[in-house]
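# What the coordinates show
Below, each chain spelled out in residue letters.
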Amino acid sequence: MQFQGRLTKAGTTALVGATLRVADAGEGGATLILTRADMAGSTPVTIAHVLPKVGGGDLRLRLSTGDVLRLPADMDTAPLERFFPEPARLGSWLTRLETVGWRGVLLLSVLFLLALAGLRLAIAPAGDFLARLIPDTLVERASGLVLAQLDLALLEDSRLPDETRQRLTGEFERLRLLAPPAFADTRLHFRHAPAIGPNAFALPGHDIVLLDELVTFANDEDVVLAVLAHEFGHVVEQHALRQIMRSAVVAIAVGMIVGADESVIEEIVGFGGNLVLSSQSRAFELEADHVSADWMQRLGRDAGALPRFFSKLQQECGGLCDGGGLLATHPSFRNRIEALTN
Amino acid sequence: MNRFTALEFSGTAREFFGIQFVNILLILLTVGIWTPWARVRKRRFFHNNTRILGDGFDYLATGLDLFKGWSVVTLILIGFYALPVLGVPFLQEGFSLALVAVYPWAINRSMRFNARNLAWRDVRFDFSGSYFGSAWYLFLLPLIGLLSLGILLPLASRGMREYVARNYRFGTARFSGKGQLAHYYGAGLRALLLSVLLIGLVAGLTILAVFAIDGSLVADPPTIDGLAYILGDGIGAAIIYLVPVLLFLIFLLVGGYYRALTRNIMVNALRLQGGVRFRSRVSGPGLAWIAVSNLVLCVVTLGLLVPWAQVRQYRYLTRNTEIRPVADMQGFLDRQIQAGSSIGDAVGEAGGLEISF
């Protein structure tokens, strides 16, 4: 068996033709013999190092003489493999795996899409699992840090009259009594933020922030209580933490599957992941709306307050800020009102 | 043999499909640990199939070499993201600044690592940039170029390309490349004219389309109602969403065009000690077209065509690069040096930066 290639002398670009041949049984067998075009006779050699073929590239063998022998890509070099040093065999195995026909490409495409589908299904359970692993003290600390940063950048001290604040705190107490014992320490923070507008939000820990603008805009204690109950729903269901963990799962998974490649594909898959995350965030909102309606009823308060608030918001901005859509974190007001009235 | 001959690329998109799919599968199976090995196979595919006088380049680094650098950088990054847990304000920001200072060093190490692991026949390349050289030519000067609204950008392009060239070696032979600044400014001017032309075209079409909706809109100052009206209209919504996409495509197109022109200038001025010369015949519109059509096809096929697009662009570049060899390129000698660690390479990867020669 003969393998004809090009020999580069060690450490140079000087080239000679050379032939590698497996010795016959008579010559001792199982050894390799090198014959160089620029020298008479031949010498026994071993293979010291192999750079396996990748795609249409050549096979590069470093021989025991220090010289480099390159065998052309289209040559069948499988019979040489038993002379390779051990680690190189994995490389040859990979090369065979990579040499796929069109049918293989099709199969691999299907596998790839299945992996993406699997990832889509795994986001929620994996994220929720991670969320359970995070110790409460850490969450509380992070929550406090987020609030401190918001205070630094966006939020100001509340300007509501003391009396209003006391009344709202009293109302909030009644919500705390309804909450499971683990969440009975949930705190209400009053803040002023003209840049944000009428809003309230729940932080990853046991913190709820109520903005003055919401209190003045709603001008209705039942509505404010319903919104606080909605945010309390987020706290009890740990929506913020779970959402953070789910997006971490997406970021890590996207980085792992397609991040090895500097290209647009990471952006595309990442965009897909964001679509899934937003739809899950919208589900969280409906869940919190539901908690709000339930608690309002248990308190004997107006269960229609939240839908009333949504339609007021909707009217104020002339239908422009209805929200919703594939990328929105909140469902549209219309959907939320529908879900609440059913 | 003293004639210019084109570089050859012997790889095919199908081969690269196989490589990338196996890479992705193994990365999935090993929860990401395979990534450095995948990176090596990808680099080897492109280098190995790039041939001069029939011989391909060899990428000698192993997955394990890269893995060592990767693990160090991964540990540092985990530490970095865990910093806020400590609760010290601005600690992460301070740490980011320190990372910026490390970057020129990392880029040097990365280019040296990759050069020393790249061989043609049995002679390896080398890169010998300095910390301040890289900081100036690869970071500060391009930044100044951008801040000067592009007026100094051709100067920065020349500085960057020539800095890389004169610090590269092939064995004991040095590279050099001194292009004329006027040529770089010529390229900049042509890119500017192209972008003015394309942006003007988009602006003209937008104005026409707005008139088509309602002529009065242009006269009145835009109001919320007006905006709602435009959004409610099919053409209006299309304009609002389409214009940014078009501008992005123009940016991509002009970028590709400019890079092609400066690449030609640099490669044409490039010399390798011993009399070897190079020539680049990349056409600006050609490369720009490949960049834009690749992007569109990759987006439409949800990324499935990415390997094909990469091979297409790479093949175009190699086929339009020519070398005038000397004496069959037989007389070069290796310097017998160690490749060093891959930490810089991993830092460069983490920052998403890849500067190639």
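Predicted model only: the values in this text are computed from it and were never measured. Each chain has its residues counted from 1, following the order in which its sequence is written. Starting at A for chains and at 1 for ligands, labels are handed out in the order in which the entities are written. In keeping with the model being predicted, local features are shown solely for residues with a pLDDT of at least 70 and side-chain atom pairs are shown and tallied solely at 80 or more, while totals for entire chains, interfaces and linings include all residues. Derived side-chain values reflect all non-hydrogen atoms in the structure, with water molecules and hydrogen atoms excluded from consideration.

### Here's the deal with the overall build of chain B
A run of DSSP states H or I qualifies as a helix once it reaches four residues; a run of E qualifies as a strand once it reaches two. Both are numbered from the N-terminal end. Looking only at helices and strands, chain B has 13 helices and eleven strands in total. Under the scheme applied here, a residue whose accessible area is under 20% of the maximum for its type counts as buried, over 50% as exposed, and between as partly exposed, the area being computed with a 1.4 Å probe on protein chains only. Split into buried and exposed, the 357 residues of chain B put 46% on the buried side. By definition in these notes, contact holds between two residues if any of their heavy atoms fall within 4.5 Å. Taking contacts inside chain B between residues at least 6 apart in sequence as the whole, the part at least 24 apart equals 73%. Where accessible areas are quoted, they stem from the Shrake-Rupley method and a 1.4 Å probe; at the residue level, only the protein chains shown are allowed to cover. Carbon together with sulfur atoms contributes 70% to the accessible area of chain B, which is approximately 17,700 Å² in total.

### A few points about helix α6 (residues 153-166) of chain B
A helix's residues, less one, multiplied by 1.5 Å, set its expected span. Between the first and last C-alpha of α6 of chain B there are 20 Å, a value that for 14 residues agrees with the 20 Å anticipated at 1.5 Å per step. Among the residues making up α6 of chain B, those that are buried are P154, A156, S157, G159, E162, Y163, V164 and A165 of chain B.

### Comments concerning the nonpolar core
If you look at soluble globular proteins, the nonpolar side chains tend to sit buried side by side. Among the buried residues, those of types Ala, Val, Leu, Ile, Met, Phe, Trp, Tyr and Cys that are joined through side-chain atoms within 4.5 Å form a nonpolar core. Core analysis: the largest hydrophobic core is formed by 41 residues, its most contacted members being F125, F170, F175, L272, F278 and F332 of chain B. With eight residues, the single largest contributor to this core is helix α10 (residues 234-269) of chain B. Membership of the second largest hydrophobic core comes to 37 residues, among which are A179, I208, L214 and V223 of chain A.

### Things to note about the packing of helix α4 (residues 162-178) of chain A against helix α6 (residues 221-236) of chain A
Residues and elements named next belong to chain A. Axes here refer to lines fitted to C-alpha atoms; in helices the fit is confined to the stretch in contact. Angles between the N-to-C directions go from 0 to 180 degrees. With their axes 10 Å apart at the nearest point, α4 and α6 run at an angle of 45° to one another. It follows that α4 is oblique to α6 by the angle criterion. Handedness of the α4/α6 crossing: right-handed. Here R167, L168, E171, F172, L175 and R176 of α4 come into contact with α6, specifically with E221, V224, L225, L228, A229 and F232. Its residues placed into classes, the contact of α4 with α6 shows eight nonpolar, no polar and four charged. Throughout this description, any angle smaller than 35 degrees is read as roughly parallel, any larger than 145 degrees as roughly antiparallel, any in the 65 to 115 degree range as roughly perpendicular, and the remainder as oblique. Crossings are classed by handedness, with left-handed meaning an anticlockwise turn of the near helix from the far one by less than a right angle and right-handed meaning a clockwise turn. Residue polarity is assigned by list, with Asp, Glu, Lys and Arg as charged and Ala, Val, Leu, Ile, Met, Phe, Trp, Tyr, Cys and Pro as nonpolar; anything else, Gly included, falls into the polar class.

### What to know about the packing of helix α11 (residues 284-300) of chain B against helix α12 (residues 306-319) of chain B
The relative placement of two packed helices is expressed as an angle between their axes plus a distance between the axes. All names here are of chain B. Between α11 and α12, the least distance of the axes is 9 Å, while the angle of their chain directions is 175°. The angle between α11 and α12 places the two elements in the roughly antiparallel class. Contacts between α11 and α12 pair G286, L287, W289, I290, S293, N294, L297 and C298 from the former with V306, W308, A309, R312, Q313, Y316 and L317 from the latter. Residues belonging to the contact of α11 with α12 are distributed by class as follows: ten nonpolar, four polar and one charged.

### Quick word on unusual backbone geometry
Residue and element names in this part refer to chain B. Of note in the backbone geometry, L53 takes a positive phi value of approximately 50° without being a glycine. Tracing the chain through its elements places L53 in the loop between β3 (50-52) and β4 (55-59). Relative accessible area serves as the criterion here: at 26%, L53 is assigned to the partly exposed category. Although it is not a glycine, R121 sits at a positive phi angle of roughly 55°. On the secondary structure map, R121 appears in the loop between β5 (118-120) and β6 (123-127).

### Observations concerning the domain arrangement of chain A
For chain A, the domain assignment lists domain 1 (2-98) and domain 2 (119-341). Boundary definitions for the domains trace back to an automatic or database domain assignment. Taken over C-alpha atoms, the centre of domain 1 of chain A sits 65 Å from the centre of domain 2 of chain A.

### As for the environment of L77 of chain B
Mapped onto the elements of the fold, L77 of chain B is located in helix α3 (residues 63-82). In the structure, L77 of chain B is positioned 38 residues away from R39 of chain B in sequence and 19 Å away in space, judged by C-alpha atoms.

### Concerning the pairing of strand β8 (residues 173-177) of chain B
Residues and elements named next belong to chain B. Judged by which residues are buried, β8 turns out to be one-sided: A173, F175 and G177 face inward and are buried, whereas R174 and S176, on the alternate face, are not. Pairing between strands requires that DSSP locate at least two bridges from one strand to the other. Linking strand β7 (residues 168-170) to β8, which pair antiparallel, is a turn of two residues; within it G171 sits at a positive phi near 60°. As paired strands, β8 and strand β9 (residues 270-272) are joined by three bridges and run antiparallel to one another. From the neighbouring strand, G177 faces β9, where its bridge partner is L270.

### Some thoughts on the pattern of salt bridges
Any Lys or Arg side-chain nitrogen found within 4 Å of a carboxyl oxygen on Asp or Glu counts as a salt bridge. Counted according to the given criterion, the structure contains 33 salt bridges over all chains. In this structure, D38 of chain A and K9 of chain A form a salt bridge, with 3.8 Å as the shortest nitrogen-oxygen distance. You can see D38 of chain A sitting in the loop between β3 (32-36) and β4 (42-45) and its partner K9 of chain A sitting in the loop between β1 (2-8) and β2 (15-22), a full 29 residues away along the chain. Residue classification places K9 of chain A among the partly exposed positions, given a relative accessible area of 30%. Where D122 of chain B meets R62 of chain A, a salt bridge forms, and the shortest distance between an N and an O atom there is 2.8 Å. On the criterion of chain membership, the pair formed by D122 of chain B in the loop between β5 and β6 and R62 of chain A in strand β6 (residues 59-63) is interchain, its members lying in two chains. Connected through salt bridges with shared partners, the residues R6, D58, R60, R62 and R70 of chain A together with R51, D55, D58, R121 and D122 of chain B form a single ionic network.

### Remarks on the sheet that holds strand β9 (residues 187-192) of chain A
Residues and elements named next belong to chain A. Read from one edge of the open sheet, four strands run β8-β9-β11-β10, paired in mixed fashion. Across the chains shown, the open sheet's two edge strands, defined by having one partner strand only, are β8 (156-157) and β10 (200-202). Taken together, the five bridges between β9 and strand β11 (residues 207-211) define a ladder with parallel strand orientation. Residue pairing across strands places H189 opposite V209, the latter belonging to β11. Contacting β9 and β11, α4 crosses the sheet at an angle of about 145° to β9.

### What to know about the confidence of the model for chain B
In regions of low pLDDT, the predicted coordinates are not meant to be interpreted in detail. Residue and element names in this part refer to chain B. Each residue carries a pLDDT score, the predictor's confidence in it, ranging from 0 to 100. Across chain B, pLDDT averages 81, with 82% of residues at or above 70. This model gives residues 216-226 a pLDDT under 50, and the stretch forms six contacts once residues within four places in sequence are excluded. Counting interchain partners and residues more than four positions distant, the pLDDT-below-50 stretch residues 350-357 has 18 contacts. Model confidence for the complex: the whole-complex pTM is 0.73, and ipTM, which rates the interface, is 0.76.

### Re the sheet that holds β2 of chain A
All names here are of chain A. If you trace the seven strands from one edge of the open sheet to the other, you get β4-β3-β2-β1-β7-β6-β5, paired in antiparallel fashion. Only two strands of the sheet have a single partner each, and these edge strands are β4 and β5 (47-51). Shown here is a sheet whose adjacent strand axes are inclined to one another by a mean of 35°, direction ignored.

### Describing the packing of aromatic side chains
Here a pair means two rings of Phe, Tyr or Trp (six-membered ring of Trp) with centres within 6.5 Å. Their orientation is stacked below 30 degrees between planes, edge-to-face above 60, and tilted elsewhere. Taken as a whole, this structure holds 26 aromatic pairs over all chains when the rule is applied. Relative to W295 of chain A, the ring of F232 of chain A has its centre 5.3 Å away and its plane inclined at 55°; by these criteria the two rings are tilted. Placement of F232 of chain A in helix α6 and of W295 of chain A in helix α8 (residues 264-298) is noted, with a sequence separation of 63 residues between them. When its relative accessible area of 5% is taken as the criterion, W295 of chain A is described as buried. Here the aromatic rings of F125 of chain B and F170 of chain B are separated by 4.9 Å at their centres, their planes lie at 50°, and the arrangement is tilted. Pair noted here: F125 of chain B is in strand β6 and F170 of chain B is in strand β7, with a separation of 45 residues, a long-range link. Owing to a relative accessible area of 2%, F170 of chain B belongs among the buried residues under this scheme. Taken together, the aromatic side chains of F57, W120, F125, F127, Y137, Y163, Y168, F170, F175, F278 and F332 of chain B make up a single cluster linked through ring pairs.

### What to know about a nonpolar patch on the surface
Residue and element names in this part refer to chain B. Together, W136, L140, L143, I144, L147, I151, L152 and Y185 give the surface a local cluster of nonpolar side chains, amounting to about 740 Å² of exposed area. Here the nonpolar patch gets five residues from one element, more than from any other, and that element is helix α5 (residues 131-147). Checked against the element boundaries, I151 lands in the loop between α5 and α6. Candidate patch residues must exceed 30% relative accessible area and have no salt bridge, after which like charges are joined if within 9 Å and Val, Leu, Ile, Met, Phe, Trp or Tyr side chains if within 5 Å.

### As for the pairing of strand β11 (residues 321-324) of chain B
Residue and element names in this part refer to chain B. Summarising the sheet, strand β1 (residues 5-6) and β11 pair through two bridges and their orientation is antiparallel. Note that in β11 the partner of T5 across the bridge is I323. Note that strand β10 (residues 276-280) and β11 share four bridges and pair antiparallel. Following the sheet pairing, R277 is matched in β11 by R324.

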